[in-house]
Amino acid sequence: MRHTDSPDPKLLANIRVVLARTSHPGNIGAAARALKTMGLAQLCLVDPGIFPNSQADAMASGAGDVLANARVCATLAEALDDTTLALGVSARRRDIVAEVLTPPEAAARLLGEAGTAPVALVFGNETNGLTNEELSLCQALVTIPANPQYSSLNLAAAVQVLAYEIRQMWLGGASWPQPDIDAASGAELENFYVHLETTLAELDFLNPGSPGKLMLKLRRLFSRTRLAREEVNILRGILTAAQTGRERRQE
Ligand code: SAH
């Protein structure tokens, strides 16, 4: 008998949890355990303070396999290079990313997109949370509506809350909103931003010595409208034309 409406495990397998610059190795282990209990397994550590470590192993308990399979990346861009959707998990910092989702909205968005491409939830450092640069790589924010008088959860507790929401949504088996465009991947977007910055510098619109907040503002502009792969190609074509035109005028 075919169970066409049973939840698809491939959706959970395509959801990556990224921990940025974690200070306490125990939190990495506790996060691995939080993921495994909810059926998630993809853990990615960006520049962890201390890893591997016996405290991480102890806190992971029976989720040692998630820890052993964790991928360690030097930068957040590297962790997100094949993802088409990255949601930054943050209690604050609404100034950088325009769209703020509730945990159930985030879960629906991730499950809807996970059928087509890898997607990610990005958690910040225990003391400082996510930096502006890290947030600028995320398309939307997720905030856990905690007590406004004390809203900062322990990192692994925040991972557990989001992992639980994803599992409940997944078990519910609803038809989640499917992506309406062939979205560009993290690597395609990063290559576009590098090309944009180089071209703006060549055109003397941006001073490479003091770029100010221009690139962050431009990232925010583009992240408000989700860029399709084809649109990134068109924009890069325009940049190349601007570069070539400038070179010709200088000859
Ligand atoms: N002091 C830091 C909080 C760090 S808590 C700050 O002010 O940003 C570590 C991580 O847990 C955060 O970066 C975030 O990813 C997550 N987190 C904790 N509480 C949260 C909340 N209420 N909503 C969303 N994420 C939260």
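Look a little higher up for the structure.
Residues numbered from 1 in each chain as written. Predicted model: local features only at pLDDT ≥ 70, side-chain atom pairs only at ≥ 80, totals over all residues. Heavy atoms only, no water.

(A) Quick look at the overall build of the protein. Each helix and strand counted, the protein has eleven helices and seven strands in total. Taking 18 Å as the expected radius of gyration for a compact globule of 251 residues, we find that the protein reaches 20 Å, a close match to that expectation. C-alpha extents for the protein along the principal axes are approximately 65 × 45 × 35 Å. For the protein, the residues scored as buried account for 46% of the 251 residues in total. Sequence-distant contacts, at least 24 apart, represent 84% of the contacts inside the protein between residues at least 6 apart. For the protein, the accessible surface area stands at approximately 12,700 Å², while carbon and sulfur atoms represent 53% of it. Placing the 23 positive and 27 negative side-chain charges of the protein at their respective mean positions leaves the two points 3 Å apart. (Helix = DSSP H or I, 4+ residues; strand = E, 2+ residues; numbered from the N terminus. Rg over C-alpha atoms; globule rule 2.2 N^0.38 Å. Buried < 20%, exposed > 50% of the residue type's maximum accessible area, 1.4 Å probe, protein only. Contact = heavy atoms within 4.5 Å. Areas by Shrake-Rupley, 256 points an atom, 1.4 Å probe, with all protein chains shown as cover. Lys, Arg positive; Asp, Glu negative; His and termini not counted. Charge placed at Lys NZ, Arg CZ, Asp CG, Glu CD.)

(B) A look at the site of the ligand. Around the ligand sit 19 residues in total, of which V89, R92, I144, S151 and L153 are the nearest. The contact in question runs from a nitrogen atom of the ligand to an N or O atom on the backbone of I144, over 2.9 Å. Within the backbone of L153, an N or O atom sits 2.9 Å from a nitrogen atom of the ligand. Burial of the ligand by the protein amounts to 91% of the accessible area it has alone, namely 550 Å². (Near = heavy atom within 4 Å. Polar contact = N/O pair within 3.5 Å; in protein donor to acceptor, adjacent residues only side chain to side chain.)

(C) Just the packing of aromatic side chains, in detail. Under the criterion given, the structure shown has three aromatic pairs. Their ring planes at 45° and their centres at 5.3 Å tell us that F192 and Y193 sit as a pair that is tilted. Among the residues examined, F192 registers a relative accessible area of 1% and is labelled buried. Residue Y193 is classed as buried on the basis of its relative accessible area, which comes to 6%. Centroid distance F192 to F222: 5.2 Å. Interplanar angle 85°. Geometry classified as edge-to-face. Separated by 30 residues along the polypeptide, F192 in helix α9 (residues 186-202) and F222 in helix α10 (residues 214-224) bring together distant segments of the chain. Take F222: its relative accessible area is 16%, and that puts it in the buried class. Each residue in the set F192, Y193 and F222 is aromatic and connected to the rest through ring pairs, giving one cluster. (Phe/Tyr/Trp six-rings, centres within 6.5 Å; stacked < 30°, edge-to-face > 60°.)

(D) Broad picture of helix α6 (residues 103-114). Here α6 contains twelve residues, and its C-alpha end-to-end distance of 16 Å stays within 8% of the 16 Å for a straight helix at 1.5 Å per residue. Counting buried residues in α6 gives nine out of twelve residues, a clear majority hidden from the surface. Here α6 has its buried residues at P103, A106, A107, A108, L110, L111, G112, E113 and A114. (Expected span 1.5 Å × (residues − 1).)

(E) Region of interest: the nonpolar core. Ranked by internal contacts, the top residues of the largest apolar core, which has 44 residues, are L19, L43, L87, L121, F123, V159 and I166. When residues in this core are grouped by element, the largest group, seven residues, is from helix α8 (residues 155-172). For L43, the residues in contact, after removing those within four places along its chain, are V17, L19, I28, A32, L35, V66, L67, A70 and R71. (Core = buried A, V, L, I, M, F, W, Y, C linked by side-chain atoms within 4.5 Å.)

(F) Broad picture of the pattern of salt bridges. One pass over the full model with this rule turns up eight salt bridges. Of the charged contacts, one joins R21 and E134 as a salt bridge, the two residues approaching to 2.7 Å between their closest N and O atoms. Here R21, found in the loop between β1 (15-20) and α2 (25-37), pairs with E134, found in helix α7 (residues 132-135); they are 113 residues apart in sequence, far enough to count as distant. In this structure R21 comes out as partly exposed when scored by relative accessible area, which is 22%. Residue classification places E134 among the buried residues on the basis of a relative accessible area of 8%. A salt bridge links R226 to E113, with the shortest nitrogen-to-oxygen separation between them at 2.6 Å. One end of the pair, R226, is in the loop between α10 and α11 (229-250); the other, E113, is in helix α6, with 113 residues separating them in the sequence. Since its relative accessible area comes to 5%, E113 is described here as buried. Taken together, the salt bridges that share partners define one network made up of D182, E188 and R229. (Salt bridge = Lys/Arg side-chain N within 4 Å of Asp/Glu carboxyl O.)

(G) Just the packing of α6 against α8, in detail. As a packed pair, α6 and α8 sit with axes 9 Å apart at the nearest point and diverge in direction by 60°. In terms of orientation, α6 and α8 fall into the oblique class. Remark: the crossing between α6 and α8 carries right-handed chirality. On α8, the residues touching P103, P104, A107, A108, L110 and L111 of α6 are L162, E165, I166, M169 and W170. Classifying every residue of the contact of α6 with α8 by side-chain character gives ten nonpolar, no polar and one charged. (Axes fitted to C-alpha atoms, helices over the stretch in contact; angles between N-to-C directions. Parallel < 35°, antiparallel > 145°, perpendicular 65-115°, else oblique. Left-handed = near helix turned anticlockwise from the far one by under 90°. Nonpolar A, V, L, I, M, F, W, Y, C, P; charged D, E, K, R; others polar.)

The values reported here are purely geometric and, on their own, carry no functional implication.
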